[in-house]
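What the coordinates show
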There are 2 protein chains.
Amino acid sequence: MKNVSIRKDVEEFHNSIIGLIKKYQFRDRNEVTSFGISVSQCYVLETLYFQKALTMKKLAEQMHLTISTITRIVDQLERKKFIERKQDDKDLRIRRITLTPKGEKIFLKSWANVFESEREIFENIKPGHRKVLLSLLKDLNDSVDQWQDTCKINK
Amino acid sequence: MKNVSIRKDVEEFHNSIIGLIKKYQFRDRNEVTSFGISVSQCYVLETLYFQKALTMKKLAEQMHLTISTITRIVDQLERKKFIERKQDDKDLRIRRITLTPKGEKIFLKSWANVFESEREIFENIKPGHRKVLLSLLKDLNDSVDQWQDTCKINK
DNA sequence: GTATTATACTTGTATCTTACAACTAAAATA
DNA sequence: TATTTTAGTTGTAAGATACAAGTATAATAC
């Protein structure tokens, strides 16, 4: 009995999550790409905006992508002069990636756009439920992190 | 004062959502593709499993993709004999897409895998919080739908 | 203090993802 | 019947992603 009910809950959970992902991917494709940058490119800009001078490796970890994929995205952004690769003083293997002023500007512009839609979505939630939602989304993130960690151990 | 606080909340909301999306995309790439089907392909199989004999157009709507994109994904799945395109009896323009037994089998296999990880993630959430989380995720989905609808009207 | 191993990243290659515009065929309508 | 709308496919183009193989530098081992 208990198992049946948790199974149903997990199914419902799965449907909600997959639904959200599809919808958000759709939103991001439309909101972000209208500024001439792709979704992945925007994520990289965002990451660099909040954490300056990251290495390729750190960037890959944060984005849950391989370093080679990051190389390609960073190539694109470098071509557009939105970021710069700088060599580390001490360890010559390491590249430190930094936003150019131009890159910062385009990120803020596209981010404002996304932020506006995020605000509208958030304000559709009943005021009394908002704080709970924030707290549960944080728990959910932690939970996924935890799952990923145990996965790594099993492999 | 009120504005400042809601701004902070929206930022936190944004970070949680983006974080979840990145992590879940990562999970799906790894869990699903190990069965020889891509993430998009799996989404299509899933949609067809729960709603039989959809048209290309319906499929596109549900996946938040264009029809031409669906054509490509369906092409891939047809090549692998996981689905079939059947012409509608009445309207010859319409194609009805159905899972083959082989397609159903591979979907269930990969779905069991994803379901298992979903269960682990869900069970990391405190039991007392689970029902609330389900209900809020549903609200959030509705909220994104609502936002998308008002968007369309504005365009 | 060189030889080996490990690390950080790039490149080659291959497949998948996605959209837009131009097209074809069939249905609806005028 | 002529015109328009709808459903879907194809050509084209750019981006996303990973794996394996390669390069350069640093760390370690003996």
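Residues numbered from 1 in each chain as written. Chains lettered and ligands numbered in written order. Predicted model: local features only at pLDDT ≥ 70, side-chain atom pairs only at ≥ 80, totals over all residues.

1. Focus: the packing of helix α2 (residues 39–50) of chain A against helix α4 (residues 67–79) of chain A
Residue and element names in this part refer to chain A.
- Between α2 and α4, the least distance of the axes is 10 Å, while the angle of their chain directions is 85 degrees. Here α2 is positioned roughly perpendicular relative to α4, judged by the angle of their axes. Packed against α2, whose contacting residues are S40, Q41 and V44, the element α4 presents I73, V74, Q76 and L77 at the interface. (Axes fitted to C-alpha atoms, helices over the stretch in contact; angles between N-to-C directions. Helix = DSSP H or I, 4+ residues; strand = E, 2+ residues; numbered from the N terminus. Parallel < 35°, antiparallel > 145°, perpendicular 65-115°, else oblique. Contact = placed C-beta atoms within 7 Å.)

2. A few points about the interface of chain A and chain B
- Counting from both sides, the interface comprises 41 residues of chain A and, opposite them, 41 residues of chain B.
- For the side of chain A that touches chain B, the secondary-structure elements that each account for two or more residues are α1 (2–33), α5 (101–123) and α6 (127–154) of chain A.
- In terms of residues, the side of chain A that touches chain B owes the most to one element, α6 of chain A, which gives 16 residues.
- Tallied by class, residues from the side of chain A that touches chain B come to 20 nonpolar, eleven polar and ten charged. (Nonpolar A, V, L, I, M, F, W, Y, C, P; charged D, E, K, R; others polar.)

3. Structural notes on the protein's contact with DNA strand D
- The environment of DNA strand D is made up of 26 residues, and the closest members are S38, S40 and L92 of chain A together with K57 and S68 of chain B.
- Among the elements of the structure, α2 and α4 of chain A together with α1 (2–33), α3 (56–63) and α4 (67–79) of chain B are those that each provide at least two residues to the surface near DNA strand D.
- Sort the elements by how many residues they give to the surface near DNA strand D and α4 of chain A lands first, with five residues.
- When grouped by side-chain class, the residues that make up the surface near DNA strand D number seven nonpolar, eleven polar and eight charged. (Near = placed C-beta within 6 Å.)

4. Details of the relation of the copies chain A and chain B
- Rotating chain A by 180 degrees about the axis while translating it 0.0 Å along that axis superimposes it on chain B, leaving an RMSD of 0.1 Å. Viewed as a symmetry operation, the transformation between the two copies matches a two-fold axis. Identified as the residue of chain A closest to the rotation axis by C-alpha distance is I21 of chain A, at 3.1 Å. (Least-squares fit on C-alpha atoms with pLDDT ≥ 70 in both.)

5. Some thoughts on α4 of chain A
Residue and element names in this part refer to chain A.
- Taking 1.5 Å per residue as the helical rise, α4 with its 13 residues ought to reach 18 Å, and the 18 Å between its terminal C-alpha atoms agrees with that figure.
- When we look at burial in α4, the residues that qualify are I70, I73, V74 and L77. Relative to the axis of α4, the buried residues are bounded by an arc of 100 degrees and lie together on one face. Set apart from the buried face of α4 by more than 90 degrees, the exposed residues are S68, R72, D75 and R79.
- Elements that come into contact with the buried residues of α4 comprise α2, α3 (56–63), β2 (83–87), β3 (95–99) and α5. (Expected span 1.5 Å × (residues − 1). Buried ≥ 20, exposed ≤ 12 C-beta atoms within 10 Å, placed from the backbone. Arc of directions from axis to C-beta.)

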